[in-house]
Amino acid sequence: MGTQYNQLNLTERIEIYRLHSSGQSLRAIGACLGRAPSTISRELSRNSRKTKAWPGGYRPERADDLAARRRRWDKRFKLVRQPHLQAYVRDRLAMGWSPQQIAGRLARDNAPIRISPESIYRYIYHRTEQKDYLNRLLPWRKGRRGKIARGGMSSLAHIKNRKGLELRPQDVEGRKTFGHWEADTMLFSRYGQNVLVIQERRSRLVLAVNPGNRKAANIENHLHKMLQPLPPHLRQTITFDNGVEFAQHHELARKIGIETYFCDRYAPWQKGGVENAILRLRRALPRKTNLADIADQRLDEIVRMHNNTPRKCLDYKTPAEVFCQILNPLHFKRDSI
């Protein structure tokens, strides 16, 4: 018997069938073929099972077809054959990374082992069918692949000195310059609980705070505290939806000189960056969370993890890395970064 393992072939399977049918023991069959008895036992047990389409029993041609199908199936799941890579991927999924972020970071770090996002998705949803529910580690936690139809309505209130996006400078659209922000409130199931979230459009850096309530004056006060420490070139514009909590936006322009703009009615997707950030934060802060149990330090930790997660749109750099490239550390408290 050689030291290198080779797959059983059809000729050997025919011989296994003949010898087994004649009453030979597994050890005798193995000795005749130069194979371990455990190999013979495994071959007979895995290819003789009764199924809906098969009454049971070992047949060499069917066993050879099943083995070929298993080999083709295993090639779909690179992670099955590489436990170390599988552990790496599972750890990053548990940290909230998406398959694209995992694959992109491996490529950026010139890791000796690479994997594509599609391979990770195939493995996740295969294991989900096997009741491992790895889909629950994905940012969106979808039970099946593909787009999920979403709907919803937004309210529009009369807001003093409101300016629409058509008046916003065109260079904001391309995300080429720093200092342009988006803001929204992240709501929870308990009445009155919310988190104020702002995102810098170029770097995707997120800042968040628990304001206590959504009164316009209170929200404006917290926005002022979050943006005022930044140098002027890093707080040029900020975009809101039409929620009444942002009705005191003009106070920001008066106090710190930041220009404020509002999305069209029923179009929150026009500030899609912060909407996407809130969806990502939902993994650690689902809607049923009781914010009374979440300390400010824990909220800072969640935001810090978000800001140190690589993003495909940043060439797999992290938002903190991109933002800190242009930020003088003396100007800004970097706890959230």
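See the structure printed just above.
Rules behind the numbers
- Residues numbered from 1 in each chain as written.
- Predicted model: local features only at pLDDT ≥ 70, side-chain atom pairs only at ≥ 80, totals over all residues.
- Heavy atoms only, no water.
- Core = buried A, V, L, I, M, F, W, Y, C linked by side-chain atoms within 4.5 Å.
- Buried < 20%, exposed > 50% of the residue type's maximum accessible area, 1.4 Å probe, protein only.
- Helix = DSSP H or I, 4+ residues; strand = E, 2+ residues; numbered from the N terminus.
- Contact = heavy atoms within 4.5 Å.
- Polar contact = N/O pair within 3.5 Å; in protein donor to acceptor, adjacent residues only side chain to side chain.
- Axes fitted to C-alpha atoms, helices over the stretch in contact; angles between N-to-C directions.
- Parallel < 35°, antiparallel > 145°, perpendicular 65-115°, else oblique.
- Nonpolar A, V, L, I, M, F, W, Y, C, P; charged D, E, K, R; others polar.
- 1 Å grid on protein atoms, 1.4 Å probe; cavity = no way out; pocket = protein on both sides within 12 Å on 5 of 7 lines; lining within 4 Å.
- Points joined across faces, edges and corners; volume = space filled by probe spheres on them.
- Pairing = 2+ DSSP bridges.

A. The arrangement of the nonpolar core in detail. If you look at the biggest cluster of nonpolar residues, it comprises 25 residues, and the most contacted ones within it are Trp181, Ile198, Leu223, Leu227, Ile238, Phe240 and Phe246. At the level of elements, β1 (180–187), β2 (194–200), α9 (216–227), β4 (237–240), α10 (249–256) and α13 (319–325) are the ones that each hand at least two residues to this core. Not counting the four nearest positions on each side in its chain, Ile198 is found in contact with Trp181, Glu182, Ala183, Leu205, Val206, Leu207, Leu223, Met226, Leu227 and Val274.

B. Structural view of the environment of Asn276. Along the polypeptide, Asn276 turns up in helix α11 (residues 272–281). The sequence separation of Asn276 and Arg204 amounts to 72 residues, and the corresponding C-alpha distance is 9.9 Å. A distance of 2.8 Å separates a polar atom in the side chain of Asn276 from a polar atom in the side chain of Arg280.

C. A look at the packing of helix α1 (residues 10–21) against helix α3 (residues 37–46). Put simply, α1 and α3 touch, their axes get as near as 12 Å, and they point 90° apart. As far as their axial angle goes, α3 and α1 are roughly perpendicular. Residues Arg13, Ile16 and His20 of α1 form the contact with α3, whose own contacting residues are Ile40, Glu43 and Leu44. Its residues assigned to classes, the contact of α1 with α3 shows 3 nonpolar, 1 polar and 2 charged.

D. Here's a closer look at empty space enclosed by the protein. For the structure on display, the rule yields 1 cavity of 30 Å³ or more. Quantified by volume, the largest cavity comes out at close to 40 Å³. Around the largest cavity, the lining residues are Val195, Asn210, Leu291, Ile294, Ala295, Asp296 and Leu299. Broken down by class, the residue content of the lining of the largest cavity amounts to 5 nonpolar, 1 polar and 1 charged.

E. Focus on the sheet that holds β1. Strand order in the open sheet formed by 5 strands is β3-β2-β1-β4-β5, with mixed pairing between adjacent strands. Strands at the two margins of the open sheet, each flanked by one partner only, are β3 (206–209) and β5 (259–262). For this sheet, the mean inter-axis angle between neighbouring strands, taken without regard to orientation, is 25°. Of the pairings in the sheet, the one linking β1 to β2 comprises 7 bridges and is antiparallel in character.

F. Seen up close, unusual backbone geometry. With phi around 55°, Asn110 is a residue other than glycine that occupies positive phi space. On the accessibility criterion, Asn110 (59% relative accessible area) is exposed. Its identity as a non-glycine residue notwithstanding, Tyr316 has a phi of 65°, on the positive side. In this fold, Tyr316 is placed in the loop between α12 (296–307) and α13.

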